[in-house]
Amino acid sequence: MEFRVLGPIEVRGDDGHAVDVGGQRPRAVLARLLAARGAVVPTETLIDDLYGDTPPPGARATLHAYISNLRRVIEPERGPRTPARLLLSRPPGYLLDTRDVDAIRFAELVRASESGPPGEVLVRLDKALALWRGSPYAETADEPWAVGEANRLGELRLIAVERRARALLDLGRPHTAIDALTTETARHPLRESLWCLLAAALSRVGRHADALSAAAQAKEALEQLGLDPGPELRALEHDILRQAGPSRPAAPAPTGRQRELAELKTLLGRADHRGVAIAAVTGEPGIGKTFLLDALRRHCDDLGYLILSGGCHEAQGAPPLWPWLQVLNALALVCPPPDLPALAGLLDEEVPAGSTDAARLRRNKAIAEWLASAARARPTLIVLDDLHWADPASLELLRDVVMCTEGAAEPAPVTLVTAFRDAAFAGAPSTSTNGLTVDELLGRITRYELLRIRLTGLEADAVRAIAAEMGTDLDEPTVGRLTERTGGNPFFVRESVRLLAQGRELDTLPDGVADVVRRRIAVLPPETGEALKIAAVIGRAFDPAVVAEVGRPEVYDLLDRAAQAGLVVERGKRMAFVHDLVQETLLTDIPPLRKAALHRDVMAALAARPGSDVAAIAHHAVEAGPAAYRDAVRWARAAAEQAGLRMAFEEAAQWLGRAIDAHGACSGNPLDHVELLLRQVRALLDAGDLVGARRARAEAVRAADRAGAGPELTARALTALDAPAKWTLRDPYEAVELRLVHRFETCLRMLPPTDSPERARLLGGLAQELYDGTGNPLCDSLSAEAVRMARRLGDPLLLMGMLNARHLALPQPLHVSELRDITDELHALALRAESPGFELLAQLLYTNVRLETFDVGGADAAAARCDAVLERLPLPWPRFQHTMWRAVRLTLDGRFGDADARRTGSACGTPTASSPWGASCCTTTGMPSRTRGRTSTARPSSTPPWAGPPGSFSCARRAGPRRRVTSPGTAGARRPRTGRG
């Protein structure tokens, strides 16, 4: 039966399980007997200690019951009426006759540590201090009878702590003593000997400033009691001041590897307590393994470690045991080998005695004992880098060193850190069929609590920090793209940042990175490289089945080899390159025509699969160039339709642009070319790119002319800018485009004079092209005729478009009432026709009309409905117009800063920013601030500020040169009019 008092009272049976001794008072009786350390405790004393000055009636009987129960518990095998062996009755009371008490064992170990070698002293004291679980007699520590015994044990514990610290200092391991001494000095600030030991430990690891601070704290604590520091402390302080040199900062962790370095540092403490500790750091080339090992080396150097390093080389011809030869040659300079004959042939030219296997085993054991003896004198760090190139003999020696050092009778603080790549490369020496491989080695030493650290790519914050260290500040999007592109590989990041600092584009492939990737590919069979090139053409993520269809059937084995080499990884049922730079290196090495042919083959393979992404097929068709122009037109147009259904209008416009380029390069129908351009106009309008839409409209008109298109198709081209809009889609600051006006007039003359949608749209479009803010009567008459014609045709969508055209063709200040009526009718028509675009337009117009008539509440209500619609519809152009109205509304409330933020946040950096309206907003930000203090004194005018373009506060226009334009109904008649400025 084992009794524990160095913490809460516990009794444990022979099986090691805790025994229930009862409640508070039975436990107190047991504690009182244990505190007597084998002496008799009188019955009256037990009663007084249990109940104090007022024992209850029957206290003696109760005590006897407690004693009887304790005897049954601690001697469960004792039979009835059999004399007790542990809890004995001795006049005038009882005694507990046992030495199986943790406090007794603790005291014996401390007494045994008074002398002996530091290593033996350390072992005994570690065992002694491990017995402590808390405060002695924790449950009864406040009882008068327990105070003295608890204090005695506490003092003995401090003696053990001090002796252990001295042993660690004698063994050259001051870093291990610092944490325990720091804790103890905080608990016992008046114990001068603890402060001396802490200061000495700090000084020996080079932390002289901290050592002096510890000495100063000790002196301050003593002076508060009116005591002077002792001679030991004064002498120690003098020595520190004499020895202290320029301090150096702690070795920093590589950027983004703080957690991994902290994990490696835990190995040092494990080695101090248990002997050998081993870690394996893995990762792809350039991921930062060597940087991490260097940081650990610097840290251990600061702590006074003996550091031994060895590395392997990629080149063939290195001697066997090459990494260990580097380690042992360095060790021989500071610690001669204790068994030199066993090392015959390793450090000299002697021939080993005995059989080869026996000699090798003897040698490996001798090396392990040599390292252990050196570590007992001074903690030792062994670093073995690039073990993926190690020969089998080096790996076997590493295995034997771990096994023999771990099993040594006397622990030795040896820390072993290895590094190797994730994948085994073809041609590496470790692939020998007769020797140990890296994977086998790791499997065998895992049971020795191997710490495995796999380095992966850095996060965006660490990538930004690396760039900052190199003197380059990157914005958020660039950091994100760089992180994705490089996979967070530190070497790749640094090479890319170096190019960015030289003014190169982020997509530039760094030569150093390409060389690294090419070396990794070069060790693989040529067929694997060809398969990877096909995969690179497909994309960063690819389907192996497509690679097999384009290349060769045995591609699966080849891709498995590439995965083992760390070039590709598995992603579900697909595979992917580990990062963009691998794919780009492969693409760079493919000749242009070969690459185009591969794109064509990939396109054909994907097109035959019903589940293939249309955009992916279109990409390969476009990249195939002349070999697939017709396919490119077909698939790019399909990709544009798909993007439009997803409301990705900008992407749709880009795909249509590619379709137009391919169609223009092959012998296609010219009228189809016009249709493609008209689709692109619509996509650009939906994307909010007004300048691009006008440019595409002009190209569509020219294409229609070249194709000899009829007036109907030409009319469609001229009137393609028909998106619902509160502001005109032409540049309001430019003069009227006379050539465009002429094309409208010509097309009108070519159309039959009867009512038709084309004629109505031409009238409305011409009215908008003629509008320059001067009140040109042609704008009024043309737009009015367009509306009347649309009413006669009975097409609600056509009528809404023409009402919009009339709204844009009339000067607002002069037609407020009619514009309100147009808005009402637009709203009613949009609701009936279920047209969300025109319903949104009506609400946008309401915000203007109601504000112009000083109905602020009504304008705000319409604006709220606009907000609700725009939440559902990703329409950049209407959103931009509404946001500009919101900015003006904030200005009217005096919130000038918020107004500026609205303008810049919505206009600049968007497709709309290239429009005249967007450019105006981006360049006039801050204009509202120049009106501060005057809004309250503003008076109604015939031209409210919100009627003008963004960034202006009046409808004043720059005076432009007068132009002569022709009425569609007048042959050749011209009249002067003022262009809008």
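Residues numbered from 1 in each chain as written. Predicted model: local features only at pLDDT ≥ 70, side-chain atom pairs only at ≥ 80, totals over all residues. Heavy atoms only, no water.

- For the chain, an unreviewed UniProt entry supplies the name BTAD domain-containing putative transcriptional regulator and the organism Streptosporangium jomthongense.
- Listed in UniProt under the heading Sequence similarities (unreviewed entry), the comment for the chain reads: "Belongs to the AfsR/DnrI/RedD regulatory family." (UniProt positions renumbered as here; feature names shortened; annotations may be inferred.)

### Considering the sheet that holds strand E3 (residues 41-42)
Okay, so step 1: In spatial order, the strands read E3-E5-E4; together these 3 strands make up an open sheet with antiparallel pairing. Lying at the two open borders of the sheet, with one neighbouring strand each, are E3 and strand E4 (87-90).
Okay, so step 2: Here helix H3 (residues 59-74) sits on the sheet and contacts E4 and strand E5 (93-96); the angle it forms with E4, its principal contact strand, is near 140°. (Pairing = 2+ DSSP bridges. Helix = DSSP H or I, 4+ residues; strand = E, 2+ residues; numbered from the N terminus. Contact = heavy atoms within 4.5 Å. Axes fitted to C-alpha atoms, helices over the stretch in contact; angles between N-to-C directions.)

### Details of the layout of surface pockets
Okay, so step 1: Roughly 1000 Å³ of volume is contained in the largest pocket.
Okay, so step 2: When residues of the lining of the largest pocket are traced back to their parent elements, those giving at least two are helix H29 (670-687), helix H30 (690-707), helix H31 (711-718), helix H33 (757-770), helix H35 (796-809), helix H37 (836-852) and helix H39 (876-892).
Okay, so step 3: Residues belonging to the lining of the largest pocket are distributed by class as follows: 27 nonpolar, 9 polar and 14 charged. (1 Å grid on protein atoms, 1.4 Å probe; cavity = no way out; pocket = protein on both sides within 12 Å on 5 of 7 lines; lining within 4 Å. Points joined across faces, edges and corners; volume = space filled by probe spheres on them. Nonpolar A, V, L, I, M, F, W, Y, C, P; charged D, E, K, R; others polar.)

### What to know about the packing of H30 against helix H32 (residues 738-750)
Helix-helix packing: each pair is described by the crossing angle between the helix axes and the interaxial distance.
Okay, so step 1: Interhelical geometry of H30 versus H32 gives an angle of 50° and a closest axis separation of 13 Å. In terms of orientation, H30 lies oblique with respect to H32. The handedness of the crossing between H30 and H32 comes out as left-handed. Across the interface between the two elements, Arg-694, Arg-697, Val-701 and Asp-705 from H30 touch Leu-740, Arg-743 and Phe-744 from H32.
Okay, so step 2: When the residues that make up the contact of H30 with H32 are grouped by side-chain class, the tally is 3 nonpolar, no polar and 4 charged. (Parallel < 35°, antiparallel > 145°, perpendicular 65-115°, else oblique. Left-handed = near helix turned anticlockwise from the far one by under 90°.)

### Focus on the nonpolar core
Okay, so step 1: Counting 125 residues, the largest nonpolar core has Leu-532, Phe-542, Phe-577, Leu-685, Leu-762, Leu-770 and Leu-826 as the members making the most contacts within it.
Okay, so step 2: Take this core: its biggest share by element is 8 residues, from H29.
Okay, so step 3: Leaving out residues up to four positions away in the same chain, Leu-826 has contacts with Met-800, Leu-803, Phe-838, Leu-841, Ala-842 and Leu-845.
Okay, so step 4: Counting 75 residues, the second largest nonpolar core, distinct from the first, contains Ala-28, Ile-74, Val-121 and Ile-240. (Core = buried A, V, L, I, M, F, W, Y, C linked by side-chain atoms within 4.5 Å. Buried < 20%, exposed > 50% of the residue type's maximum accessible area, 1.4 Å probe, protein only.)

### Let's talk about the side chain of Arg-164
Okay, so step 1: Checked against the element boundaries, Arg-164 lands in helix H6 (residues 144-170).
Okay, so step 2: Arg-164 sits in the buried class, given a relative accessible area of 12%.
Okay, so step 3: Arg-164 has contacts with Leu-122, Leu-125, Asp-126, Leu-129, Thr-176 and His-273, leaving out every residue within four places of it along the chain.

### Let's talk about the sheet that holds strand E13 (residues 574-577)
Okay, so step 1: The 3 strands lie next to each other as E11-E13-E12, forming an open sheet whose pairing is antiparallel. Bordering the open sheet on either side are strand E11 (541-542) and strand E12 (568-571), each of which pairs with just one other strand.
Okay, so step 2: Looking at chain direction, E11 and E13 are connected through 2 bridges and run antiparallel. Counted as the bridge partner of Phe-542 is Met-575 from E13.

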